[in-house]
Amino acid sequence: MADRSATGDRDRVGPPRRGRRAGVAVAAGVVCCLGLAALAQAREEPAGTGPDTPAAADVDLARRAAAEAASRSLDRAPGPPPTASASPTPTATSAASVPAATASPSASRKRAAPKRPADPAPVAGLTRAQMANAKVIVRTGRELGFPRRGLVIAVATAMQESNLYNVASGVLPESQEYPHQGIGWDHDSVGLFQQRASSGWGEVGQLMDPAFATRQFLAALAEIPGWEDLPLTVAAQSVQISAYPDLYAQHEWRAAEVVDAFLSAGM
């Protein structure tokens, strides 16, 4: 029984074994083909970027988001910037557009201010102090509108009366309280023209002011009819009532030189 079953068994199971080997071979071939195909696909696509992997999905979403953002930015992009000439800067101001009056008021006033004429050098043998007093006489006479003739008469009279110094009185102590350049003793006569307060010429302090004394003298001269045509000594004496009327004439040429020096200087 043993032999039959073995023989019969060999006869029965022989072909099926060959069939199993063929099936295994076919299956192995299929697996091999699939492996080659997978290997080829793996070489074509980087690892982890296949369509079914999460990384690939994230990349795809990022690409779509970037495309949509670029599209929106293009929609919101402004037009070309305006040219410089189309819209000038409001605060930009050229120097030519600034009015000259607003550039520098203080500088304009300095430029517009006239220069004061320089004092002339002393002439006719006078000192600087005498020239300063003569300047007051000439300036005051010009302010009052007197012509050259009246200025010459006034300067010549002061030359005779006080030698063109502002003199106080030795018998009138009050006069010495004011600025003075010497002391005289002719009664209570004071100042450039030796005018007396007791005779109604003014207060002592006023007569010690060279400008005030000059105005008083010229006002009295203007009251003399035809004073412009009178000899200098007659015109001066008509105002001063001096005990030595002829002495005024000796100063006429020097007085004229002094007056002309100031007028030439533009006073």
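Residues numbered from 1 in each chain as written. Predicted model: local features only at pLDDT ≥ 70, side-chain atom pairs only at ≥ 80, totals over all residues. Heavy atoms only, no water.

Peer 1: Explain the nonpolar core to me, please; I cannot follow it from the model alone.
Peer 2: A general tendency of soluble globular proteins is for nonpolar side chains to be buried together. In this structure, Ile137, Val155, Leu164, Phe193, Phe217, Leu221 and Val258 are the most contacted members of the largest nonpolar core, which totals 45 residues. Considering each element in turn, this core owes the most residues, eight residues, to helix α6 (residues 148-162). (Core = buried A, V, L, I, M, F, W, Y, C linked by side-chain atoms within 4.5 Å. Buried < 20%, exposed > 50% of the residue type's maximum accessible area, 1.4 Å probe, protein only. Helix = DSSP H or I, 4+ residues; strand = E, 2+ residues; numbered from the N terminus.)

Peer 1: Explanation requested: the packing of helix α5 (residues 128-143) against α6 in the structure shown.
Peer 2: Helices that pack against each other are described as a pair by the angle of their axes relative to one another and the distance between those axes. Running from N to C, α5 and α6 point in directions that differ by 150 degrees, and their axes come no closer than 10 Å. The pairing of α5 with α6 is recorded here as roughly antiparallel in orientation. For α5 against α6, the interelement crossing comes out right-handed. For the pair α5 and α6, the contacting residues are Ile137, Val138, Gly141 and Arg142 in the first and Leu151, Ala154, Val155 and Ala158 in the second. Residue classes in the contact of α5 with α6 are distributed as six nonpolar, one polar and one charged. (Axes fitted to C-alpha atoms, helices over the stretch in contact; angles between N-to-C directions. Parallel < 35°, antiparallel > 145°, perpendicular 65-115°, else oblique. Left-handed = near helix turned anticlockwise from the far one by under 90°. Contact = heavy atoms within 4.5 Å. Nonpolar A, V, L, I, M, F, W, Y, C, P; charged D, E, K, R; others polar.)

Peer 1: Can you walk me through the environment of Val234 in this structure?
Peer 2: Within the secondary structure, Val234 sits in helix α9 (residues 232-240). Considered as a pair, Val234 and Tyr248 are 14 residues apart in the sequence and their alpha carbons are 8.6 Å apart.

Peer 1: When you look at unusual backbone geometry in this model, what are you seeing that I'm missing?
Peer 2: Generally, phi is negative for residues other than glycine and the peptide bonds are trans, each holding for most cases. In this structure, Asn163 is a non-glycine residue whose phi angle is positive, near 55 degrees. Relative to the helices and strands, Asn163 resides in the loop between α6 and β1 (168-169). Not every positive phi belongs to a glycine, and Ile241 is a case in point at roughly 55 degrees. For Ile241, a relative accessible area of 62% gives the class exposed.

Peer 1: Looking at this structure, I do not really get α6. What am I missing?
Peer 2: Under the 1.5 Å per step criterion, the end-to-end length of α6 is 21 Å for 15 residues, consistent within 8% with the ideal 21 Å. By the burial criterion, the buried members of α6 are Gly150, Leu151, Val152, Ile153, Ala154, Val155, Ala156, Thr157, Ala158, Met159 and Ser162. (Expected span 1.5 Å × (residues − 1).)

Peer 1: Looking at this structure, I do not really get the packing of aromatic side chains. What am I missing?
Peer 2: The geometry of two aromatic rings is summed up by the distance between their centres and the angle between their planes. By the definition in use, this model includes two aromatic pairs. Between Phe146 and Trp227, the ring centres sit 5.8 Å apart and the planes meet at 45 degrees, which makes this aromatic pair tilted. Note that Phe146 is positioned in the loop between α5 and α6 and Trp227 in the loop between α8 (210-222) and α9, a separation of 81 residues in sequence. The exposure class assigned to Trp227 is buried, which follows from its relative accessible area of 6%. Between the aromatic rings of Phe193 and Phe217, the centroid separation amounts to 4.8 Å while the plane-to-plane angle is 10 degrees, which identifies the pairing as stacked. Here Phe193, found in the loop between β3 (189-190) and β4 (195-196), pairs with Phe217, found in helix α8; they are 24 residues apart in sequence, far enough to count as distant. (Phe/Tyr/Trp six-rings, centres within 6.5 Å; stacked < 30°, edge-to-face > 60°.)

Peer 1: What am I meant to see in α5 here?
Peer 2: An α-helical segment advances 3.6 residues per turn. Residues three or four places apart therefore align on the same side. Between its first and last C-alpha, α5 extends 22 Å over 16 residues, near the 22 Å set by a 1.5 Å rise per residue. Among the residues making up α5, those that are buried are Gln130, Met131, Asn133, Ala134, Lys135, Val136, Ile137, Val138, Thr140 and Gly141. Contact partners of the buried residues in α5: α6, α8 and α10 (252-264). Gly145 occupies a position one or two residues after α5 and carries a positive phi of about 85 degrees.

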